[in-house]
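# Structural features, examined
Residues per chain are reported as follows:
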Amino acid sequence: MNAIIDPRSVQADSAPAVGGLAIRHVHKGFDIDGRKLSVLEDVSLTIAPGQFVSIVGASGCGKSTLLRLIAGLERQDSGDILLNEVPVAGPGLDRGLIFQDHRLFPWLTVEQNVLLALSNSDEAATDKRARVASLLTLVGLDGFAQAFPHQLSGGMAQRAAIARALAPQPQVLLLDEPLGALDALTRLRLQSELQRIWLAQRSTMIMVTHDVDEALFLGDVIVVMQPGRIARILHVPSTHPRDRADPALAPLKAEILSLLHAG
Amino acid sequence: MRSTLQQRLLPLLVPGLILATWFAVTSGDDFTAQVLVPPAAVLDSFNELLASGELADHLRASLSRLLLGFGIGSGLGLGFGILLARSALVNAFAGPFFQAVRQVPSIAFLPMLILLLGVDEGFKLAIVAKAAFFPVALATHDAVKGISKGWLEVAAIYRLSPLRVLFRLILPATVPPVLTGLRLGLTRAWIVLVAAELMAAENGIGQMMEMGRQMFRIDTVMVGVALTGLIGFALDQGVRLAERRLVRWKAV
């Protein structure tokens, strides 16, 4: 890993040595009605293990596509995406992905939904269930193991989706506007929860968001995107857990907003 | 307690009222018993048909036709529905034709089918199969189309095996809407079968009614009408019960 991004500000001794990403000269386009539409043009980014990276940008700037490429749901036209210096080829349990919609299976209980993510694990069934129970505690869903998704609020369903994504213990957790569909109050609460979970898990997290305050509250590094490219990479100097009113965040916010308006 | 008792009795109110009116009207001299038979005569006729074994024969004939025709029609409907949803080619050449033929009532095909297949079992099975085919094919098509791409991505991310995808995703997502299609197909097949038996049959509940009409035995006709309704109702409720058991996860 190289050093274009600072090591994260929390103490790094217990941080995992895996989960570093290198994105090199990635191009991606889509065919829309026979015309080639370029979504990412020569995007390069290096992310150190255990870092929280926020990607902000306007709709259609390619930030979700970048996340889907890292997840292996799409394939880049050219360039490389390396996880621990190994090229990404398709989805893998070393990378988790949380979508804007929870995508729980409605016919399975919360517990069964999270267990599904452990399908490929060799653990005994009782161990799996114990792990699911502790994950549900981590995301604040104690007592809801047997609930069906339709019985949960939007925020609770998203917590269950977070538990499912964490279950296979991914080295990298990708979050695609994970709180975008929630009301403002639930959103603030879950931002704090995400920070707490990240501090507990210490895996690499990459979150795409529209919300500049959310990006600044959670990210060590903010990647500002303009259509098709990375406009700037900013480092957030303050430590975690973070104070939303930290005066150091204000100039960063102004800079990000001016970049977004320019794009 | 009281409200559940009320809910149980409420559905019996309308049939009860009709029965009471029927009793009242037939106990006077305003109608001759040949035109509007009294309820007691219908019940006698039912008991007679039951005791002679005649009714059981008719029911056996009708229900075995239903089972066979529905089995063929719904099986083909399932296969065709999946093809229509999964293959752009099949959809391109069969889609519009399917949608157009679907609009024609099954009974409209009866004269043609009788000419083609004669008045034996063939045309009855064909019409029953046709009646079952369309609702099942349509429901299957919609069910397969309804499997969300988002869920398939979740399956890809957690590297679920094809077998797990089938049992944890494809079947749970498609079985409830397909069951609804099967229920519609089954009740339509029943209606069409009785109509076909009224036109041409050697036995069956429809033929029993037609013979009753020809011999001016309105009591026999009414036994047939009541049984047709009850059997259709039972088929519908039976599949509904299966639906409710299989789809307990759904918000009601």
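Bear in mind that the values here come from a model prediction, so they are computed numbers and not experimental data.

Criteria and thresholds
- Residues numbered from 1 in each chain as written.
- Chains lettered and ligands numbered in written order.
- Predicted model: local features only at pLDDT ≥ 70, side-chain atom pairs only at ≥ 80, totals over all residues.
- Heavy atoms only, no water.
- Helix = DSSP H or I, 4+ residues; strand = E, 2+ residues; numbered from the N terminus.
- Buried < 20%, exposed > 50% of the residue type's maximum accessible area, 1.4 Å probe, protein only.
- Contact = heavy atoms within 4.5 Å.
- Core = buried A, V, L, I, M, F, W, Y, C linked by side-chain atoms within 4.5 Å.
- Pairing = 2+ DSSP bridges.
- Axes fitted to C-alpha atoms, helices over the stretch in contact; angles between N-to-C directions.
- 1 Å grid on protein atoms, 1.4 Å probe; cavity = no way out; pocket = protein on both sides within 12 Å on 5 of 7 lines; lining within 4 Å.
- Points joined across faces, edges and corners; volume = space filled by probe spheres on them.
- Nonpolar A, V, L, I, M, F, W, Y, C, P; charged D, E, K, R; others polar.

All names here are of chain A. That bond from His-240 to Pro-241 is cis: its omega, -10°, falls within 30 degrees of zero. Relative to the assigned elements, Pro-241 resides in the loop between strand S10 (229-235) and helix H7 (249-262). Although it is not a glycine, Glu-85 sits at a positive phi angle of roughly 70°. When you line up the elements, Glu-85 lands in the loop between strand S4 (78-83) and strand S5 (86-87).

Those residues of helix H7 (residues 149-157) of chain B not exposed but buried are Gly-150, Trp-151, Glu-153, Val-154, Ala-155 and Ile-157 of chain B. Close packing links the buried residues of H7 of chain B with helix H1 (63-71), strand S6 (95-98) and helix H4 (154-166) of chain A together with helix H8 (162-199) of chain B. Two residues or fewer past H7 of chain B, Arg-159 of chain B is found with a positive phi of approximately 50°.

Attention shifts here to the nonpolar core. Soluble, globular proteins show a tendency: their nonpolar side chains are buried together. Leu-136 and Ile-206 of chain A are the most contacted members of the largest nonpolar core, which totals 81 residues. With seven residues, H4 of chain A is the single largest residue contributor to this core. Core analysis: the second largest hydrophobic core is formed by 43 residues, Val-42, Leu-59, Leu-66 and Phe-133 of chain B among them.

All names here are of chain A. If you trace the six strands from one edge of the open sheet to the other, you get S6-S7-S8-S3-S9-S10, paired in mixed fashion. Lying at the two open borders of the sheet, with one neighbouring strand each, are S6 and S10. Each strand of the sheet is rotated relative to its neighbour by a mean of 20°, with strand direction disregarded. Relative to strand S8 (residues 204-209), strand S3 (residues 52-57) is paired through five bridges, and the arrangement is parallel. Among the inter-strand pairings, Val-56 is bridged to a residue of S8, identified as Thr-209.

All names here are of chain B. Estimated volume of the largest pocket: approximately 610 Å³. Leu-19, Trp-22, Met-222, Ala-226 and Leu-230 are the residues nearest the centre of the largest pocket, which is lined by 15 residues in total. Going through the elements one at a time, helix H1 (2-27), helix H2 (39-52) and helix H10 (218-246) are the ones with two or more residues in the lining of the largest pocket. A per-class count over the lining of the largest pocket returns 15 nonpolar, no polar and no charged.

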